[in-house]
Amino acid sequence: MKITNDHILADFNQIQGSKSSQDGCSFSEMLTQLVAEKIPQSEAAEPVIEIQSSTLEGDTGLSPVWFKLNGLLDSLEAYGQALGNPDKTLKDFEPLLRSMELQAEQLEENLNEIKDPQLVQLGQETLTAVRVESLKYWRGDYIT
């Protein structure tokens, strides 16, 4: 399938035609005008309501094990992003991997404290993913 810019060009030409009466119009003004023309006010989204999240210091009602699991998931995501970065070397992965392994050990020790079976399953799957990545790294699967 070939992607064409016909719609964008048509919108741009429409704005350019209306711009002749508004010389000096900035891009943001043109964009606002185009959006206002495309979305009627009755269909416009409701304004965003800001919700304050609870802090780790406050009483969140969540188990400390949940925060360990969340931290391990964040580390696993950062590791995955580092793997996709061509500027990173294998030496750059080692500290992150060692940190993940330590977090995984701590989580595994406390995993039985979680009462929710779905959260336990997520914890086990995360531990398995960390173990697999650790084995792949130490076995040398990423050496090319």
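If you're wondering where the values come from, they're calculated on a predicted model, not measured in any experiment. (Residues numbered from 1 in each chain as written. Predicted model: local features only at pLDDT ≥ 70, side-chain atom pairs only at ≥ 80, totals over all residues. Heavy atoms only, no water.)

Quick look at helix H4 (residues 90-110)
Keep this limit in mind: Secondary structure elements follow DSSP: runs of H or I no shorter than four residues count as helices, runs of E no shorter than two count as strands, and numbering proceeds from the N terminus. How far a helix is expected to stretch is found by multiplying one less than its residue total by 1.5 Å. Accessibility here uses a 1.4 Å probe with only protein chains present; expressed as a share of the type maximum, an area under 20% marks a residue as buried, one over 50% as exposed, and anything in between as partly exposed. By definition in these notes, contact holds between two residues if any of their heavy atoms fall within 4.5 Å.
Taking 1.5 Å as the rise per residue, H4 with 21 residues should run 30 Å; its terminal C-alpha atoms sit 30 Å apart, in good agreement. Among all positions of H4, only Phe93, Leu97, Met100, Ala104, Leu107 and Asn110 are buried. Elements that come into contact with the buried residues of H4 comprise helix H3 (64-83) and helix H5 (117-139).

As for the pattern of salt bridges
The line we're drawing: Think of a salt bridge as a Lys or Arg side-chain nitrogen and an Asp or Glu carboxyl oxygen that are within 4 Å of each other.
Using the criterion set out here, one finds 4 salt bridges in the structure. With a closest N to O distance of 2.6 Å, Arg131 and Glu108 form a salt bridge. Placement of Arg131 in helix H5 and of Glu108 in helix H4 is noted, with a sequence separation of 23 residues between them. Taking relative accessible area as the criterion, Arg131 reaches 40% and is therefore assigned partly exposed. Between Glu133 and Lys136 there is a salt bridge whose closest N-O contact spans 3.8 Å. Remark: Lys136 and Glu133 occur in helix H5; sequence separation between them is 3 residues, near one turn of the helix. Looking at Glu133, the relative accessible area reads 15%, which means it is buried. Judged by relative accessible area, Lys136 falls into the partly exposed class, the value being 26%.

Regarding the packing of aromatic side chains
Convention followed: Two aromatic rings, drawn from Phe, Tyr or Trp (for Trp, its six-membered ring), form a pair once their centres lie within 6.5 Å of each other, and the interplanar angle then sorts them: stacked below 30 degrees, edge-to-face above 60, tilted otherwise.
Applying the stated criterion to the full structure yields 3 aromatic pairs. Both rings, one in Tyr137 and one in Trp138, keep their centres 4.9 Å apart while their planes meet at 85°; by these two values the pair is edge-to-face.

Structural notes on the packing of H3 against H5
When two helices pack together, their arrangement is captured by the angle between the axes and the distance separating the axes. In plain terms, the rule: Only C-alpha atoms enter the line fits that serve as axes; for helices the fit covers just the stretch in contact. Angles between N-to-C directions range over 0 to 180 degrees. Crossings are classed by handedness, with left-handed meaning an anticlockwise turn of the near helix from the far one by less than a right angle and right-handed meaning a clockwise turn. Any residue that is not Ala, Val, Leu, Ile, Met, Phe, Trp, Tyr, Cys, Pro, Asp, Glu, Lys or Arg is counted as polar, Gly included; the first ten are nonpolar and the last four charged.
Packing of H3 against H5 leaves a shortest axis separation of 10 Å and a crossing angle of 35°. Along this stretch, H3 crosses H5, giving a crossing that reads as left-handed. The segment H3 lies against H5, with Trp66, Leu69, Leu72, Leu73, Leu76, Tyr79 and Leu83 engaging Leu119, Leu122, Gly123, Thr126, Leu127, Ala129, Val130, Glu133 and Tyr137. Looking at the contact of H3 with H5 residue by residue, the class counts come to 13 nonpolar, 2 polar and 1 charged.

Description of the confidence of the model for the protein
Inclusion rule: The predictor's confidence in any single residue is recorded as pLDDT, a number from 0 to 100.
Averaged over every residue, the pLDDT of the protein is 75; residues scoring 70 or more account for 64%. Below a pLDDT of 50 lies the segment residues 51-57, which in the model reaches 3 contacts outside its immediate sequence neighbourhood of four places, other chains included.

Description of the environment of Lys88
Residue position: Lys88 is located in the loop between H3 and H4. Lys88 sits in the partly exposed class, given a relative accessible area of 39%.

Digging into the nonpolar core
As a reminder of what qualifies: Side-chain atoms within 4.5 Å link the members of a nonpolar core, which is a set of buried Ala, Val, Leu, Ile, Met, Phe, Trp, Tyr and Cys residues.
In terms of nonpolar packing, the biggest core is built from 18 residues, with Leu72, Tyr79, Met100, Leu107, Ile114, Leu127 and Val130 touching the most fellow members. Residue assignment for this core shows that the elements contributing at least two residues are H3, H4 and H5. It is H3 that provides the largest number of residues to this core, a total of 6 residues. Beyond its immediate stretch of four places on either side in the chain, Val130 contacts Leu72, Leu76, Met100, Glu101 and Ala104.

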